[in-house]
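# Summary of the model geometry
Here is how the chains run, residue by residue.
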Amino acid sequence: MNPSTLNKTESRSSCELLRQKGNKLYIDVSKGNLGPCVARHKLQKAHEFYEKALGVCGTEDDKASCYKNLGALNWLWAKTEWLFHQEETARKEKQGPGSALSAAKSGMTRCLEFYFKALDYGTLAMKEQQWLTQIEDTISKIVQWSSDQLSSDHSTSFEPVLRVLCDTVGSSKTEWAGRRRIGTVLYKIHAEFIFRRGAESLTSPELSDGDGYKKCLNAMRDCYGPLERAETLVGTASMGKEVVKQVADLKIEVFNYQTLCEAIQARIQGESLLEKAMCGYMDIIWEAIDYFKVSLRVTEEKHLENEAIALSRIGKSYSSVLKMEKKAHPYHFQSIKIALAIMSARIASSEWYIYSSQAVKKHQEGVVEQETREHSENRKGSAERMKEKINAVKLEGKKSSESFLKYIYEKCPHPDVTKQVLLRLGSPENVKAALKKAIVAYHPDSNRQQSEDWQVLCEEITKVLNVKYENFK
């Protein structure tokens, strides 16, 4: 046998023997019934066997297999350390030790690096497509597992691990059919996690006060990094339409939340100035109003609650500080109109809603009072002008119902000819029906469009008609 061939055969034999030893330890740990110390010891020994096997490899085919073993080992190692981290956290009801989390991050990084090298050498060795596809499927499972962890109670702890995964895939020089798709999905998952964390920090109570909007704003800004990396990979690879749409939709959502936070920030700055203006610093009230208007313009029709609060604050600036009630009313009215469309128990008890509600009520009461006063003044003149007819109506009212009906239709004909009727009297039933029609025709509510003088006369006529109608019941 050729010496070089003999050396390759011996190398392959040694490589396979070392890998078999590593595989035995790998299987022991994968059963999941070992404690942390024993599991880590066996994983470390298996890693040493695989590294030694890699050192004696003589062909690309052997190297591909060794890297695949190392990838699977580090994938198991990462999951095992993550499980230990969760168990430790659950026992102590606080964040577990950083060593397990650090080992999990390290394992995730190495497993992907090794799998990428396995794909590289597998391609050079012309491995069967099924072998290569199996590795690609495993990488996809790693991505799915990562996504599942972000939906668990330990999502915050796992975020650094996901960040490492993204960086590893994103910086890899290995080119295979699914790398860019996997990278895009990973960056999208990372951006979604940051987005959810930011959106959750913007809780409803903090919409009016607190610093939830600051946390949300920082999170939205952090989303752009992974989203831009995802877009870069989308632009250079054939990607499913669904993934492309998800990335685009998420970017729009991030932008909307960012603008909402900026609107809240402007409003809160305005509220700070409004408080000072109410304490006597009148010269800054217009600056406060400008901030409120910026908040209103940015968030208009995008977030109704913030829009309603901003409107209420503008109204308060005009009514409480500038004493311009008429100028304030449209803002308070629009604020309440929006609030009623999204009403909740929290909004109903909020300071801004109560303030604007009271302002609208006060304005409406003032309007009613003014209209009543003007109406009363107008009625005095009408009553004086119609005094003779009113007295005649009262005098005729003392006579019979038939006589009174004939009188009003003859002497006080209705301006609207359609309300004139041909009287059919004679029987009590006919008289009662005629009284009812006359009440409808002459009632003040049916004559709002007529002159003030006519309405005053109708009030007196209706009083007499009602008394006579009651006698027929």
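So, here is what we can say about the structure in this document. This is a predicted model, so every value here is computed, not measured.

Here we come to the state of the cysteines. Taken as a whole, this structure holds 0 disulfides when the rule is applied. Not part of a disulfide, Cys 223 finds its nearest cysteine sulfur in Cys 216, a span of 8.8 Å. Cys 412 provides the cysteine sulfur closest to Cys 458, a residue in no disulfide bond, and the two sulfurs are 8.7 Å apart. For Cys 458, a relative accessible area of 0% translates into the label buried.

Summed over all chains, the structure comprises 9 aromatic pairs. Measuring from centroid to centroid gives 5.6 Å for Tyr 67 and Tyr 121, while their planes differ by 20°, and the two rings are stacked. Of this pair, Tyr 67 sits in helix H3 (residues 60-92) while Tyr 121 sits in helix H4 (residues 98-124), and the two are 54 residues apart along the sequence. Residue Tyr 67 is classed as buried on the basis of its relative accessible area, which comes to 11%. With 6.0 Å between their ring centres and 70° between their planes, Tyr 409 and Tyr 442 make a pair best called edge-to-face. With Tyr 409 in helix H16 (residues 401-411) and Tyr 442 in helix H17 (residues 428-442), this pair connects stretches of sequence that are 33 residues apart.

Here the focus is helix H12 (residues 325-341). Here H12 is 17 residues long and its end C-alpha atoms lie 24 Å apart, about the 24 Å a rise of 1.5 Å per residue gives. Taken together, the buried positions of H12 are Ala 328, His 329, Tyr 331, His 332, Ser 335, Ile 336, Ile 338 and Ala 339. Looking at the buried positions of H12, the neighbouring elements they touch are helix H10 (285-299), helix H11 (304-321), helix H13 (345-348) and helix H14 (351-385).

Definitions and cut-offs
- Residues numbered from 1 in each chain as written.
- Predicted model: local features only at pLDDT ≥ 70, side-chain atom pairs only at ≥ 80, totals over all residues.
- Heavy atoms only, no water.
- Disulfide = S-S within 2.5 Å.
- Buried < 20%, exposed > 50% of the residue type's maximum accessible area, 1.4 Å probe, protein only.
- Phe/Tyr/Trp six-rings, centres within 6.5 Å; stacked < 30°, edge-to-face > 60°.
- Helix = DSSP H or I, 4+ residues; strand = E, 2+ residues; numbered from the N terminus.
- Expected span 1.5 Å × (residues − 1).
- Contact = heavy atoms within 4.5 Å.

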